[in-house]
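Summary of structural features
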Amino acid sequence: MESQKSQSITRRGSVQIKNSNGSLQLVFSHPIITPTGVKTKRFYLSTRHDDTPFGRHQASALATKIQRDIDYGEFDASLVKYKPAASLSTVTAITPIPPSTNPQPDLAELWEKYTEFKKPQIESFYLRC
């Protein structure tokens, strides 16, 4: 019984990882300034990770980041800094390019222009040999 009690006691202000219905959640307290004074607020932050070894690793990394910010006085009480960025974003529609009014040359015509362009280089190569 004594060992269970000591495991549940953590130092004040530490970030804990909790299982909430199979998903991992970070729970911690931190003082915040309110109009009536300074109060300690309890924060709950969903990690969006399942309780798996990988999820625990990710949650632990985030908990370490939050704990570091608390220790250095850089904690973001809005929690925006700690929430994952949206993986999807909205994009603006691409304006379609109207078809060209100039007719495109066919492959035979392009080949003819290319050989005319290369003709002086080929002639000079054979003259040197």
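Below is a short write-up of the structure. (Residues numbered from 1 in each chain as written. Predicted model: local features only at pLDDT ≥ 70, side-chain atom pairs only at ≥ 80, totals over all residues. Heavy atoms only, no water.)

1. Some points on the overall build of the chain
Looking only at helices and strands, the chain has three helices and three strands in total. Taking the intrachain contacts of the chain between residues at least 6 apart in sequence as the baseline, contacts between residues at least 24 apart amount to 42%. Carbon and sulfur atoms make up 58% of the accessible area of the chain, which totals about 10,900 Å². (Helix = DSSP H or I, 4+ residues; strand = E, 2+ residues; numbered from the N terminus. Contact = heavy atoms within 4.5 Å. Areas by Shrake-Rupley, 256 points an atom, 1.4 Å probe, with all protein chains shown as cover.)

2. Describing the pairing of strand β3 (residues 37-50)
When strand β2 (residues 23-34) meets β3, the two strands line up antiparallel, connected through eleven bridges. Note on β3: the bridge partner recorded for Ser23 is Asp50. As consecutive antiparallel partners, β2 and β3 are separated by two residues. (Pairing = 2+ DSSP bridges.)

3. Focus on the packing of aromatic side chains
For the coordinates displayed, the defined rule picks out five aromatic pairs. For the pair Phe28 and Phe43, a centre-to-centre distance of 5.3 Å together with 15° between the ring planes defines the contact as stacked. One end of the pair, Phe28, is in strand β2; the other, Phe43, is in strand β3, and 15 residues separate them in sequence. For the pair formed by Phe28 and Phe43, the shared burial category is buried. Through a chain of ring-to-ring contacts, three or more aromatic side chains come together here, namely Phe28, Phe43, Phe75 and Tyr82. Lying over the aromatic face of Tyr72, Arg68 brings its terminal NZ or CZ to 4.4 Å of the ring centre. (Phe/Tyr/Trp six-rings, centres within 6.5 Å; stacked < 30°, edge-to-face > 60°. Buried < 20%, exposed > 50% of the residue type's maximum accessible area, 1.4 Å probe, protein only. Lys NZ or Arg CZ within 6 Å of the ring centre and 35° of its normal.)

4. Details of the pairing of strand β1 (residues 16-20)
Where β1 meets β2, five bridges bridge the pair, whose relative direction is antiparallel. Within β2, the position partnered with Gln16 by the bridge is Val27. Linkage of β1 to β2, two consecutive antiparallel strands, is achieved through a turn of two residues, within which Asn21 is found at a positive phi near 55°.

5. Digging into helix α2 (residues 53-71)
Its 19 residues give α2 an end-to-end C-alpha distance of 26 Å, which sits within 8% of 27 Å, the value for a rise of 1.5 Å per residue. Looking at the buried side of α2, the elements it contacts are β1, β2 and β3. (Expected span 1.5 Å × (residues − 1).)

6. Section: a nonpolar patch on the surface
Together, Trp111, Tyr114 and Phe117 give the surface a local cluster of nonpolar side chains, amounting to about 410 Å² of exposed area. Structurally, Phe117 can be placed in helix α3 (residues 107-128). (Patch = residues over 30% accessible without salt bridge, like charges linked within 9 Å, V, L, I, M, F, W, Y side chains within 5 Å. Salt bridge = Lys/Arg side-chain N within 4 Å of Asp/Glu carboxyl O.)

7. Brief notes about the nonpolar core
Counting 14 residues, the largest nonpolar core has Leu26, Phe28, Ile66 and Phe75 as its most contacted members. Secondary structure elements with two or more residues in this core: β2, β3 and α2. The element contributing the most residues to this core is α2, with five residues. Setting aside residues no more than four positions away along its own chain, Phe75 makes contact with Phe28, His30, Phe43, Ile66, Asp69, Ile70 and Tyr82. (Core = buried A, V, L, I, M, F, W, Y, C linked by side-chain atoms within 4.5 Å.)

8. Quick notes on the pattern of salt bridges
This structure, assessed with the given rule, holds five salt bridges. The partner of Lys81 in a salt bridge is Asp69, and the shortest N-O contact between them spans 2.9 Å. With Lys81 in the loop between α2 and α3 and Asp69 in helix α2, this residue pair connects regions lying twelve residues apart in the sequence.

9. Some remarks on α3
One turn of an α-helix holds 3.6 residues; hence residues three or four places apart share an orientation. The terminal C-alpha atoms of α3, which comprises 22 residues, lie 31 Å apart, in line with the 32 Å expected from a rise of 1.5 Å per residue. At Lys118, α3 shows its strongest bend, of approximately 40°, with the proline Pro120 following within four residues. (Bend = angle between axes of the 7 residues up to and from the residue.)

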